[in-house]
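Residue-level structural notes
Spelled out from the first residue to the last, the chains are:
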Amino acid sequence: MATEKEMSKEGEGEGEAYPMKGGDGPYSYSKNSSYQGELRNAAKELVSEAIVEHLDIVKFSPSTTIRVADLGCSVGPNTFFAVQNILEAIQLKYYQSQALNSQMPEFQVFFNDHVSNDFNTLFLSLPPDRRYHTAGVPGSFYSHLFPSHSLHVAHISTAIHWLSRVPKEVLDRSSPAWNKGRITYLSASDEVIEAYAAQCADDMARFLQARAQEIAEGGLLIIILAVRPNGIPHSQVNLNIVQDLMGSCLVDMAKKGIVREEKVDTFNLPIYYISPQEMETAIERNGCFSIERMERVHSFTYSGSTEMAPQYLTSKASAFTIRSALEGVIKAHFGEEILDQLFDSLSKKLEDEVSMSELAEKTVNFCAVLKRKPIN
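Residues numbered from 1 in each chain as written. Predicted model: local features only at pLDDT ≥ 70, side-chain atom pairs only at ≥ 80, totals over all residues. Heavy atoms only, no water.

1. Examining the overall build of the protein chain
- Counting secondary structure elements, the protein chain contains 10 helices and 9 strands.
- Over its C-alpha atoms the protein chain spans a radius of gyration of 21 Å, differing by no more than 12% from the 21 Å that the globule rule assigns to 376 residues.
- Its C-alpha atoms give the protein chain principal-axis dimensions of roughly 70 × 45 × 40 Å.
- By residue count, 57% of the 376 residues in the protein chain fall in the buried class.
- Accessible surface, the protein chain: about 16500 Å² in total, of which carbon and sulfur atoms supply 48%.
- Averaged over its 35 positive side-chain charges, the protein chain has a centre that lies 2 Å from the centre of its 48 negative ones. (Helix = DSSP H or I, 4+ residues; strand = E, 2+ residues; numbered from the N terminus. Rg over C-alpha atoms; globule rule 2.2 N^0.38 Å. Buried < 20%, exposed > 50% of the residue type's maximum accessible area, 1.4 Å probe, protein only. Areas by Shrake-Rupley, 256 points an atom, 1.4 Å probe, with all protein chains shown as cover. Lys, Arg positive; Asp, Glu negative; His and termini not counted. Charge placed at Lys NZ, Arg CZ, Asp CG, Glu CD.)

And the structure:
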């Protein structure tokens, strides 16, 4: 999600765009997205089963090219694995179907992310043996991206926690939601939390409305995401704890005069972890989708032994992963000069104060499979 702001083509106003770190360098998302990849692997069987059980291919024309979109795709390789899993499940659905006597359809895959996403790296790393046509679709997934009812499966994984913007209230010094000295809503006032929740509700409404316009009747919307469990305080959401640690690093740097205090006071992350209940409410308000599956994805289990945790969950590697995701938004606000010192400091705090393997194991992830209802 780039260090510039974009205007939505749908006239929905200005949004903030901060793509994952491009290229293939040491801090790139392509080199530091194993955590996201493991979650994708954990959801693989659930996604496959849902497509075989619920994708309504009978409603598709026999000559239809099956169109799949991966929203917030970044630069891979996770997007390619996710797409391949989806296509294999669709193929299995066709093989098993007794209602259709047509040949296997062609497949077209759309890779979507912000305009400033590193599409060059993405397309340079496309699988050479792929059996699908490809296209890049730049733009925010909170806007209308595709022709009406043209998609059969839309997929989004570990991306929808990014809001379209920081809530305006938390940046307003005169507002009760002014979030001075913090970069998240973790330990903030009720007014700050309510501002973030309201922004999330508005974004989810736009997201679902756009997908309702784009997905064909009987098609599926698959959402994989980290959530705040129903009834659990925001302060107990593990990913919030990590981001709050980064905020403490920035406060420390302000105390040392490395960054201005005012810069810290005006910086907030456009990230919110929705609860399943909040998501269900948004889906019901939209009214265009039925919930076919909404289940917890169990991953990151190491039998209680941190020694068994993978290398990418060490403190240093975790700091690299966080940097690959957040460098854009931090660089846009503070400049490039602080990046190395900030993430070195974060790595030390992670080492001293948290166990990333335990946090990963306790993080709650869900997969929601929604089906487009009949179109009136």
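Once you've had a look at it, read on.
2. A closer look at the sheet that holds strand 3 (residues 66-71)
- Here we have 7 strands laid out as an open sheet, ordered 5-4-3-6-7-9-8, and mixed in their pairing. Of all strands in the sheet, those with a lone pairing partner are strand 5 (133-138) and strand 8 (289-297), marking the two edges. Within the sheet, the average angular offset between the axes of one strand and its neighbour, ignoring direction, is 15°.
- In this structure, strand 7 (residues 215-226) lies alongside strand 9 (residues 365-372), joined through 7 bridges in antiparallel fashion. When the bridges of strand 9 are listed, Ile-223 appears paired with Ala-368.
- Docked against the sheet, helix 1 (residues 34-54) engages strand 7, strand 8 and strand 9, running at close to 150° with respect to strand 8. (Pairing = 2+ DSSP bridges. Axes fitted to C-alpha atoms, helices over the stretch in contact; angles between N-to-C directions. Contact = heavy atoms within 4.5 Å.)

3. Quick look at the packing of aromatic side chains
- Under the definition given, this model contains 11 aromatic pairs.
- When the ring of Phe-141 is compared with that of Phe-207, the centres are 6.0 Å apart and the planes differ by 90°; the resulting orientation is edge-to-face. Highlighted residues: Phe-141 in the loop between strand 5 and strand 6 (151-157) and Phe-207 in helix 4 (residues 190-214), separated in sequence by 66 residues. Both residues of the pair, Phe-141 and Phe-207, count as buried.
- Among the aromatic residues, those joined into a ring-pair cluster are Phe-80, Phe-111, Phe-119 and Phe-123.
- A cation sits over an aromatic face here: Arg-323 above Tyr-27, 3.7 Å from the ring centre. (Phe/Tyr/Trp six-rings, centres within 6.5 Å; stacked < 30°, edge-to-face > 60°. Lys NZ or Arg CZ within 6 Å of the ring centre and 35° of its normal.)

4. Some words on the pairing of strand 6
- With 7 of its 7 residues buried, strand 6 lies for the most part within the structure.
- Of the strand pairs in this sheet, strand 3 and strand 6 are connected by 4 bridges, and their pairing is parallel. Each residue of the ladder has a partner; that of Asp-70, found in strand 6, is His-155.
- Sheet topology note: the strand 6/strand 7 ladder contains 6 bridges and is parallel. Bridged to Val-153 within strand 7 is Leu-220.

5. With respect to the packing of helix 8 (residues 315-334) against helix 9 (residues 339-353)
- Two elements in contact, helix 8 and helix 9, have axes whose closest approach is 9 Å; the angle formed by their N-to-C orientations is 140°. Comparing their axes, helix 9 and helix 8 come out oblique. Handedness of the crossing formed by helix 8 with helix 9: right-handed. In this structure, helix 8 contributes Ser-315, Lys-316, Ser-318, Ala-319, Ile-322, Arg-323, Glu-327, Ile-330 and Lys-331 to the contact, and helix 9 contributes Leu-339, Asp-340, Leu-342, Phe-343, Leu-346, Ser-347, Leu-350 and Glu-351. (Parallel < 35°, antiparallel > 145°, perpendicular 65-115°, else oblique. Left-handed = near helix turned anticlockwise from the far one by under 90°.)

6. Examining unusual backbone geometry
- The backbone of Ser-74 sits at a positive phi, close to 60°, despite the residue not being glycine.
- Turning to its location among the elements, Ser-74 is positioned in the loop between strand 3 and helix 2 (78-96).
- With relative accessibility at 2%, the residue Ser-74 sits in the buried group.

7. A look at the environment of Gly-136
- Looking at the secondary structure, you find Gly-136 in strand 5.
- In sequence terms Gly-136 and Phe-111 are 25 residues apart; their C-alpha atoms lie 4.8 Å from each other.
- If we skip the residues at most four places from it in the chain, Gly-136 touches Phe-111, Phe-119 and Phe-123.

8. Things to note about the packing of helix 5 (residues 238-255) against helix 9
- Across the interface, helix 5 lies against helix 9 with an axial gap of 9 Å and an inter-helix angle of 125°. With respect to helix 9, the element helix 5 is oriented oblique. By crossing handedness, the relation of helix 5 to helix 9 is classed as right-handed. For the pair helix 5 and helix 9, the contacting residues are Val-242, Leu-245, Met-246, Ser-248, Cys-249, Leu-250, Asp-252 and Met-253 in the first and Gln-341, Leu-342, Phe-343, Ser-345, Leu-346, Lys-349, Leu-350 and Glu-353 in the second.

9. Remarks on helix 1
- Along its 21 residues, helix 1 runs 29 Å from first to last C-alpha, staying within 8% of the 30 Å computed at 1.5 Å per residue.
- The largest bend along helix 1 measures about 45° and falls at Ala-43. (Expected span 1.5 Å × (residues − 1). Bend = angle between axes of the 7 residues up to and from the residue.)

10. Quick word on the side chain of Arg-323
- Along the chain, Arg-323 turns up in helix 8.
- In this structure the side chain of Arg-323 is engaged in a polar contact, spanning 2.9 Å, whose partner is the side chain of Asp-340.
- Excluding its chain neighbours within four sequence positions, the residues that come into contact with Arg-323 are Tyr-27, Leu-339, Asp-340 and Phe-343. (Polar contact = N/O pair within 3.5 Å; in protein donor to acceptor, adjacent residues only side chain to side chain.)

11. Description of the confidence of the model for the protein chain
- Chain-level statistics for the protein chain give a pLDDT mean of 89 and a share of 91% at 70 or above.
- Looking at the elements of the protein chain, mean pLDDT is at its lowest for strand 1 (residues 4-7), recorded as 34, and at its highest for strand 4 (residues 107-113), recorded as 98.
- Ignoring residues within four places in sequence, the model shows residues 1-14, a span with pLDDT below 50, making 40 contacts including any to other chains. (pLDDT = per-residue confidence, 0-100.)

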